[in-house]
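# Working through the structure, step by step
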Amino acid sequence: MAKQGPQKIPGASQRYFYGDGSYSGSDMEVNCGVIHTTEGRTLPSYNGGSIAPTVTGVPDIAAKRIRWYQHYDVDESARALANKLGGVSTNTANAFQIELVGTCDDSKAKTWDDKRAGVDYLHWPTAPDWALAEVGWLVRWLHDYHGVPMTCVRDWLAYGKDSRRPGITPASYGASPARMSFAEWQAFKGWCGHQHVPENDHGDPGSMDFARVLEHAKGTSEPTPTTPDPTPSQEDDMPQMLDEYNPRDVELTSGEWTGLAVADAVLHSGPRLHDTLVHVLLAEDTPDDTVVEGRFYLTDTAGASPSAYLPTAHRGGGGHQFGLSGKVPAGKHLRFQIRVTTPDSSPVTLLHRTATGPYWATS
């Protein structure tokens, strides 16, 4: 099947384009769209493209715009949906996939760790109208140049409590009444969420007001890109991506701060602006009442003169995330430490750690 129409989205950065590598998809002709939320505050690395959508939208809240990053051609299958053996096709079923950076989790509707919704991140079910209008621009462009209908499913269940699925929280997760049957999915054209796609259990984007997105899309007589086509100089202003990991097991001594073993514990060297997310995975046998603390701090380039940063605390084993956005001054390094405190002073095994997120060089 030959690709039809323009394949590059006007104004979208191609810096993280995966369609010409080992994760290239299949040609198709898009006729429907699927909305995801990343459940994070930064542009994901997508494991180098292995689980990437077609595009990612990163809200620039201060500028009231969305910065789009394209990962595959419009008429090329992406990889953000689960596709089980048998059943129906998902990623290759003519589906254009959008990941919106932020959350759909209603427990984070106002705050998320020490961050504020609408200021530091977007809770998409309560997203401001400018953000819905930015998504509407892309919906309109896909309609005008690829014929994707400006229609959507009726029910967008909340990722939280929802009267349409009483007694189940989050209501949109798993086998909800909004999930399509195989036949419904095969016949579907228009827009839906991850929560509607069969063979999948995710509940994003929750109760996002997609009807309002369509109002914006239909109200624009001629779509214009939110940003001009990137020139080389503009591409230089796009963020680079921190994407480092270390899967080696480490035994953490209870009560002691331990530097993160990624790039010699140095996350960033100044001068640099950054939006960094650290993920750590602790062994499942970690006691539930273990206090897990993470802290970012600045040092000089020799690792001396550490600054004071308040730690963020979690509890128990499994995965934990710690985020920080800000500036690393010239002559400084940003580092990260973890401390576990168990009730019986026993050690804890750190199984895996990653550090991801965009950063910009500054003068």
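Further up the page is the structure itself.
Residues numbered from 1 in each chain as written. Predicted model: local features only at pLDDT ≥ 70, side-chain atom pairs only at ≥ 80, totals over all residues. Heavy atoms only, no water.

Below, the discussion takes up the overall build of the protein. Regarding its fold elements, the protein presents four helices and 17 strands. Expected size for 363 residues packed as a compact globule is a radius of gyration near 21 Å; at 21 Å, the protein falls within 12% of this value. Along the first, second and third principal axes, the C-alpha atoms of the protein reach 60 × 50 × 35 Å. Taken over 363 residues, the protein has a buried fraction of 51%. Counting contacts in the protein only where the partners sit at least 6 residues apart, residues at least 24 apart contribute 75% of the total. In the protein, the 31 positive side-chain charges and the 44 negative ones have mean positions that sit 4 Å from each other. (Helix = DSSP H or I, 4+ residues; strand = E, 2+ residues; numbered from the N terminus. Rg over C-alpha atoms; globule rule 2.2 N^0.38 Å. Buried < 20%, exposed > 50% of the residue type's maximum accessible area, 1.4 Å probe, protein only. Contact = heavy atoms within 4.5 Å. Lys, Arg positive; Asp, Glu negative; His and termini not counted. Charge placed at Lys NZ, Arg CZ, Asp CG, Glu CD.)

So, on to unusual backbone geometry. Cis rather than trans, the peptide bond between Thr169 and Pro170 has omega equal to 0 degrees. With respect to the secondary-structure elements, Pro170 resides in the loop between α1 (129–146) and α2 (182–187). Cis geometry marks the peptide bond from Asp204 to Pro205, where omega comes out at 0 degrees. Unusually for a residue other than glycine, Asn47 sits at a positive phi of about 50 degrees. In this fold, Asn47 is placed in the loop between β1 (32–37) and β2 (55–60). With a phi close to 65 degrees, Ser345 is a non-glycine residue in the positive phi region.

Let us now look at the pattern of salt bridges. Considering all chains together, one arrives at 13 salt bridges under this definition. Lys3 is the salt-bridge partner of Asp73, the closest N and O atoms lying 2.7 Å from each other. You can see Asp73 sitting in the loop between β3 (65–70) and β4 (95–100) and its partner Lys3 sitting in the segment before β1, a full 70 residues away along the chain. According to the relative accessible area criterion, Lys3 is partly exposed, its value standing at 29%. A salt bridge links Glu76 to Lys3; the nearest nitrogen and oxygen atoms lie 3.8 Å apart. Of this pair, Glu76 sits in the loop between β3 and β4 while Lys3 is found in the segment before β1, placing the two residues 73 residues apart along the sequence. Salt bridges sharing common partners tie together Lys3, Lys8, Asp27, Asp73 and Glu76. (Salt bridge = Lys/Arg side-chain N within 4 Å of Asp/Glu carboxyl O.)

The description of two packed helices rests on the angle between their axes and on the distance between the axes. The geometry of α1 relative to helix α3 (residues 210–218) is characterised by a closest axis approach of 7 Å and an angle of 60 degrees between their N-to-C directions. Overall, the two elements α1 and α3 adopt an arrangement that is oblique. Note that α1 runs across α3; the crossing there is right-handed. Residue-level inspection shows Asp129, Leu132, Ala133, Val135, Gly136, Val139 and Arg140 of α1 in contact with α3, the latter providing Phe210, Arg212, Val213, Leu214, His216, Ala217 and Lys218. Residue classes in the contact of α1 with α3 are distributed as eight nonpolar, two polar and four charged. (Axes fitted to C-alpha atoms, helices over the stretch in contact; angles between N-to-C directions. Parallel < 35°, antiparallel > 145°, perpendicular 65-115°, else oblique. Left-handed = near helix turned anticlockwise from the far one by under 90°. Nonpolar A, V, L, I, M, F, W, Y, C, P; charged D, E, K, R; others polar.)

A few words on the nonpolar core. With 45 residues, the main nonpolar core has Trp68, Phe96, Trp124, Leu138, Trp185 and Phe210 as its most contacted residues. No other element matches the nine residues that α1 contributes to this core. Leu138 has contacts with Ile9, Val55, Trp68, Phe96 and Ile98, leaving out every residue within four places of it along the chain. Among the nonpolar cores identified, the runner-up in size contains 21 residues, and Leu242, Val278, Val292 and Ile338 belong to it. (Core = buried A, V, L, I, M, F, W, Y, C linked by side-chain atoms within 4.5 Å.)

For the rest of this paragraph, the subject is the sheet that holds β4. One open sheet holds the five strands; their spatial order is β3-β2-β4-β1-β7, and the pairing between them is mixed. At either margin of the open sheet sits one strand with a lone partner, and together these are β3 and β7 (190–193). Between one strand axis and the next, the sheet turns by 25 degrees as a mean value, whatever way the strands run. In the sheet, β2 pairs with β4 via three bridges, with the strands oriented parallel. Across the sheet, the residue bridging to Thr56 is Glu99, located in β4. (Pairing = 2+ DSSP bridges.)

What the rule picks out here adds up to eight aromatic pairs. Here the aromatic rings of Tyr16 and Tyr69 are separated by 6.0 Å at their centres, their planes lie at 40 degrees, and the arrangement is tilted. A residue pair is termed long-range when its members are at least 10 positions apart, and Tyr16 in the segment before β1 and Tyr69 in strand β3 qualify at 53 residues. As far as the burial class goes, Tyr16 and Tyr69 line up, both buried. (Phe/Tyr/Trp six-rings, centres within 6.5 Å; stacked < 30°, edge-to-face > 60°.)

Here we come to the state of the cysteines. Enumeration over the complete set of coordinates arrives at zero disulfides. Not engaged in a disulfide, the cysteine Cys104 finds its nearest cysteine sulfur in Cys192; these two sulfurs lie 14 Å apart. (Disulfide = S-S within 2.5 Å.)

This part covers the pairing of strand β16 (residues 332–341). With respect to burial, β16 is a largely interior element, seven of its ten residues being buried. The pairing of strand β10 (residues 258–259) with β16 spans two bridges and is antiparallel. Note on β16: the bridge partner recorded for Gly259 is Gln337. Pairing between strand β11 (residues 266–269) and β16: three bridges, direction antiparallel. Residue pairing for β16: Ser269 is matched across the bridge by His333.

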